[in-house]
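Remarks on the overall topology
For reference, the chains in residue letters:
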Amino acid sequence: MHIDRLERTWIIIFSVMLGIFFATVLAAGFIFGVRPPSSTGDSFINPNTLDQSIDFNPQSLGIVSVGEREFEVRVVAQMWAFNFGSPSPQAMIDAGAYIDRDSAGLPVLHVRQGDHVTFIITSRDITHGFLLQQHNVNFEVVPGHVARTRVTFNRVGEFGLVCHEYCGINHHNMHAKVIVTDAPLESIALGD
Amino acid sequence: MQAAKQLPHSKTHAVEFPRVGLNFGELWLVGLHIGVALAALSIGILLGPFQAFRRAPALQWEIPVFSYYYQALTLHGVLNALVFTTFFIMGFSYFVTQRSLQRPLKSQAAAWLAFLLMGVGLLLAAYAILTNQANVLYTFYAPMLAHWSFYLGLTLVVVGTWIGAGVIFLTYRDWKKEHQGEKVPLAVFAILANFVMWISATIGVAIEILTMLLPQSLGIIQTTDAQVTRILFWFFGHPLVYFWLIPAYISWYTMLPKQLGVRLFSDTVARVAFLMIMIFAIPVGVHHLFVDPGVSEVAKVFHSILTFIVSIPSLLTAFNIAATLERAGRKSGSRGRLLGLDFFLRLPWGNPIVVAQLCGMMLFIIGGITGMMNASFSLNVALHNTSWVVGHFHMTLAGAVFLTYVGILYWLLPQMRGRKLWRPGFAWWQVVLWFSGMIVFGLGMGRAGLEGAMRRTDMGAQGALVMPEWVPWLNLAAVGGMLLLFSSILLFMVVFGTLFASKEKLDETEDAPPIGTTAPNDEYAPPIIERWGVWVAVIVITNVIMWGPVLAQAMNFALGYWSVAPATGLAP
C-alpha cells in the first residue's frame, strides 16, 4: 500500500502529538488527582429507601467535620432542589463550615479558604447534574448510584452550584451557592 | 464525467441516467427525502437562535409558539440532529450509490417501504413532541418518559434506515458480481462503511427502546434503570455523530476534487480513514459518561484512549484534503509563497458550493480540537454538560456537517428542476454569515461554559441562576444567533428560489453532479480493505470487549437495577 513520504511524516507527527496529549491527560488524572467520580464497585443504593439509609437519612444530610479542615457534605438531589438537610448546628457555624439559606430559600454552603470538602450525593427520583462553577466538581447524579468527589477550596468568592442535567419543568430553579471566605476562624467564632 | 452509455456494463440494465437533472424515479425518491429533511430543518433551525435569545440576559425573549423552553429544545435537537440528518443521508446515499455504480437500486419498492416507515415514524414522534408529551430532549434516557408514540416513531425511523441500508448493500453486491476484483468507487465505499457502522450502533438504542423505554411508556413495566439506559444510549450516540459526518467527508473526498478539477491526493488512505471511523466510532462512547457514577475509571481511561485513536482518521483526512486543495491552488497559479500556504488563497472563493465546504472544514478544525479536549478524561470534569459542549458540537454538526450538506444542496437542488442555483450571491452570503455567526456563537457558548454556565437550561426563566461572569458571553452567543437567523432566512430563500423561480437551464457539462464512477486503478489497495465480513467481526469483538464490562458493572440486580420509577413533571 502506497503512502506518500510527506503523509508518512504527518502520521509520525500526529502520533507523537496524540501520545503527548494522552500522557498529559494521564498525568492530570493520576499525578495531580483530577479524576472524575467513578464507580468503585460499592456505589449502589436503592433510591426508594434513602430515608432509611445510613448516608442519606434526613439526619445525616448536610456538612460534618471528619478531620483537620476536612469535611463531608451529604446531599440528596430531587425534583427540583438540592437537599442539604436542616440548617447546621452552632458547632459547625463556629467551625466556619456550615449550611444556611439565602433570601430565596436556596441552600448556601459556607466554607473557608483552604478547606477540603468531599461531596457525597445521590438522587431520589431522576437523573440530575451537580456542577460547582470554577472547581473540579462535576458529575451526573444517577438514581441508584452514589457519586462522590473531593475538592479543596483555594479561591475566595461566591460560586454557583447547579443542576446541569435537564430534569423537568423547574430544572432551571435547581441550584445553590458556595461562599468561600478568607476570614480567620477567630472572627467567625466571635459571632461577629 | 462519463455518460452512462459509454460504460460497457450499462447494457445489462435498462436505466440510463441523464447527464444533468434527475430521472423520474430519482426525482421522487431522492426529492422526497430531501424535501422532508428541509421541512424538518425549517422549524428546527429557527428554534436555535431563539434559544440563544432566551438565554441572553440582555434579551430574555420568550420563544415564539413553543414557549416551554424544553419543548423548543427537544424540537431543535430532534428535527435538526435526527430528522434532517437521517432523511438527508438516506436520500443522498441512494442518489450517490445509483450514480456512482451506474445502476438502479436493487429494489425501488424496498426503498419506498423504508421511506414510508420513516415518514410514519416521524409523524408519530412529531405528534408526541408537539402535544407536549415528549419533552425528553433528543438524548432520551430513562427514567424520563415520553408518550409511547415518540419511541415507536423513532423505532420505525431506525427500521426504515435498516431497510434502506439493505437495499444499498444488495445493489453493491450485484455490482461486485459484475466487477470482480475491481475496487468500488470511494463514495460508495464510504456509504457502505457508514451503514455497517450505523446498523451496529443502532443495536444499542434498539435495546434501550424495546426493552426499557417503550414497555415502560405503555405501562407494561413499572421501573427501570437510569444508568443502564445512559450506557445503551451512548453505545449509539457517538457513532451517530459519525453517521452525520461521513456524508460530509464523501463530499470533501470525492466531490470537492471534481468541483476543483483535480484528483484526490490518496484514494487508498481515504479508504483506510473510513474503515477506521467505522471500527472506532462505537467503542468510545463512554467519553459521554466520564462523570457518571456507575462507570468504572478503567473503562473511562480505555474509552479515552480509543477516542484519541478515532481522531486519527480525521487527522488523515486533514492531510489528504489539504494536499488535494494544494493541487487545486497550484493549478490556478499558486507559487508556494507564504510558507507554501498561498494555495489556500487561490481556491475559487466566489463559488458558494466550494466556500460552504471550505468554511465547514475551518469550523471542523475548531470542532476537532475542542473535541479532543472533551475526550480528555481529566479535562472533561471542567467541561461536561456546560455550554462549552454546545459550542463544540455546533462547530462539528452545525458547522462542518451542516455547511457541507448546504454545499451539496446547492448542486443537488438545481438537479431537481434542471435549473441553475437561484441567486448564487445570496447563497454565498448565506454561507459566510453562517460561518461568522457560528464562530461568534461558539465563542460565547464556549467561554460561558468554561465559567461554569450549564447547557440545556432556561436561563431566562424567573429564579434561574445566572452568574455575573456568564453574562457577556451569553449575550455574545445571542449576537451569533442573530447572524445565524439571517443566514437561515437566506438559505430558505435560495432553496425556494432554486425550486420555483430559477429560469436558467443547467449546463450539460459544467453542471453535471460531481460523482465519480470509477476508482483509480493506478493506486494499489490491499484487497482486505473491501472484505466487509472481516471488519464486521472486528467491530463485534471490539465492542464486546469495550462495552461488555461497562454494562455488566452497571447492572446490580439486588439494588440499582429496575429500582427507579418513571418521572413526571416534564410538561407545564
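Everything below is about the structure shown above.
Residues numbered from 1 in each chain as written. Chains lettered and ligands numbered in written order. Predicted model: local features only at pLDDT ≥ 70, side-chain atom pairs only at ≥ 80, totals over all residues. Heavy atoms only, no water.

Focus: the pattern of salt bridges
In the structure shown here, the tally under the stated rule is 24 salt bridges over all chains. When the shortest N-O distance is used, the salt bridge between Glu 523 of chain B and Arg 263 of chain B registers 3.3 Å. With Glu 523 of chain B in the loop between α15 (471-500) and α16 (532-554) and Arg 263 of chain B in the loop between α6 (226-260) and α7 (267-280), the pair connects residues that are 260 residues apart, well separated along the chain. Residue Arg 447 of chain B is joined to Glu 451 of chain B by a salt bridge in which the shortest nitrogen-to-oxygen separation is 3.1 Å. In this structure Arg 447 of chain B comes out as partly exposed when scored by relative accessible area, which is 35%. A single salt-bridge network, built from bridges that share partners, covers Glu 140 and Glu 165 of chain A together with Arg 230 and Asp 292 of chain B. (Salt bridge = Lys/Arg side-chain N within 4 Å of Asp/Glu carboxyl O. Helix = DSSP H or I, 4+ residues; strand = E, 2+ residues; numbered from the N terminus. Buried < 20%, exposed > 50% of the residue type's maximum accessible area, 1.4 Å probe, protein only.)

A word on the interface of chain B and chain A
Counting residues at the interface gives 79 residues for chain B, matched by 66 residues for chain A. At the boundary of chain B with chain A, total buried surface from both sides reaches about 5600 Å², with 66% on carbon and sulfur atoms. Considering only the side of chain B, the residues that lose the most area to chain A are Pro 293, Phe 319 and Val 381 of chain B, jointly responsible for 12% of the buried surface there. Inspection of the chain B/chain A interface yields 3 salt bridges. (Contact = heavy atoms within 4.5 Å. Buried area = accessible area lost by both parts, 1.4 Å probe.)

Some details on helix α11 (residues 352-375) of chain B
All names here are of chain B. Across its 24 residues, α11 extends 33 Å between first and last C-alpha, which sits within 8% of the 34 Å expected from 1.5 Å per residue. The buried fraction of α11 is high, at 18 of 24 residues. With a side-chain oxygen positioned 2.9 Å from the backbone nitrogen of Ile 353, the residue opening α11 is Asn 351. (Expected span 1.5 Å × (residues − 1). Polar contact = N/O pair within 3.5 Å; in protein donor to acceptor, adjacent residues only side chain to side chain.)

Remarks on the packing of aromatic side chains
In total, this model carries 45 aromatic pairs over all chains according to the counting rule given. Seen in terms of ring centroids, Phe 130 of chain A and Phe 139 of chain A are 5.3 Å apart; in terms of plane orientation they differ by 20°. Their pairing is stacked. In this structure Phe 130 of chain A comes out as buried when scored by relative accessible area, which is 0%. Accessibility expressed as a relative area gives 0% for Phe 139 of chain A, which makes it buried. Centroid distance Phe 95 of chain B to Trp 411 of chain B: 6.3 Å. Interplanar angle 40°. Geometry classified as tilted. Of the two residues, Phe 95 of chain B is situated in helix α2 (residues 69-101) and Trp 411 of chain B in helix α13 (residues 387-417); the sequence distance between them amounts to 316 residues. Assigned by exposure class, Phe 95 of chain B and Trp 411 of chain B land together as buried. Chaining the aromatic ring pairs together yields one cluster made of Phe 140, Tyr 141, Phe 150, Tyr 151, Phe 195, Trp 198, Phe 233, Trp 234, Phe 236 and Phe 243 of chain B. Just above the ring of Tyr 141 of chain B sits the side chain of Arg 230 of chain B; from NZ or CZ to the centre is 4.7 Å. (Phe/Tyr/Trp six-rings, centres within 6.5 Å; stacked < 30°, edge-to-face > 60°. Lys NZ or Arg CZ within 6 Å of the ring centre and 35° of its normal.)

Description of the nonpolar core
Burial of nonpolar side chains together is a common tendency in soluble globular proteins. Grouped together as the largest cluster of nonpolar side chains are 227 residues, with contacts concentrated most on Phe 82 and Phe 119 of chain A together with Phe 140, Phe 150, Trp 244 and Met 278 of chain B. Excluding residues within four positions of it along the chain, Trp 244 of chain B makes contact with Ala 81, Thr 85, Ile 89, Tyr 138, Leu 397, Val 401 and Tyr 405 of chain B. Counting 10 residues, the second-largest nonpolar core is a separate cluster that includes Ala 453, Met 454, Leu 465 and Leu 474 of chain B. (Core = buried A, V, L, I, M, F, W, Y, C linked by side-chain atoms within 4.5 Å.)

Considerations on the sheet that holds strand β7 (residues 128-132) of chain A
Residue and element names in this part refer to chain A. Pairing in this open sheet of 6 strands is mixed, and the strands run β4-β5-β11-β10-β7-β8 from one edge to the other. The sheet is open, and its two edges are formed by β4 (98-101) and β8 (137-141), each paired on a single side. Across the sheet, the mean angle from the axis of one strand to that of its neighbour is 20°, orientation sign disregarded. Where strand β10 (residues 157-162) and strand β11 (residues 175-181) come together, 6 bridges link them in antiparallel fashion. Bridge assignment links Phe 159 to a residue of β11, and that residue is Val 178. (Pairing = 2+ DSSP bridges. Axes fitted to C-alpha atoms, helices over the stretch in contact; angles between N-to-C directions.)

Purely geometric numbers; function is a separate question.
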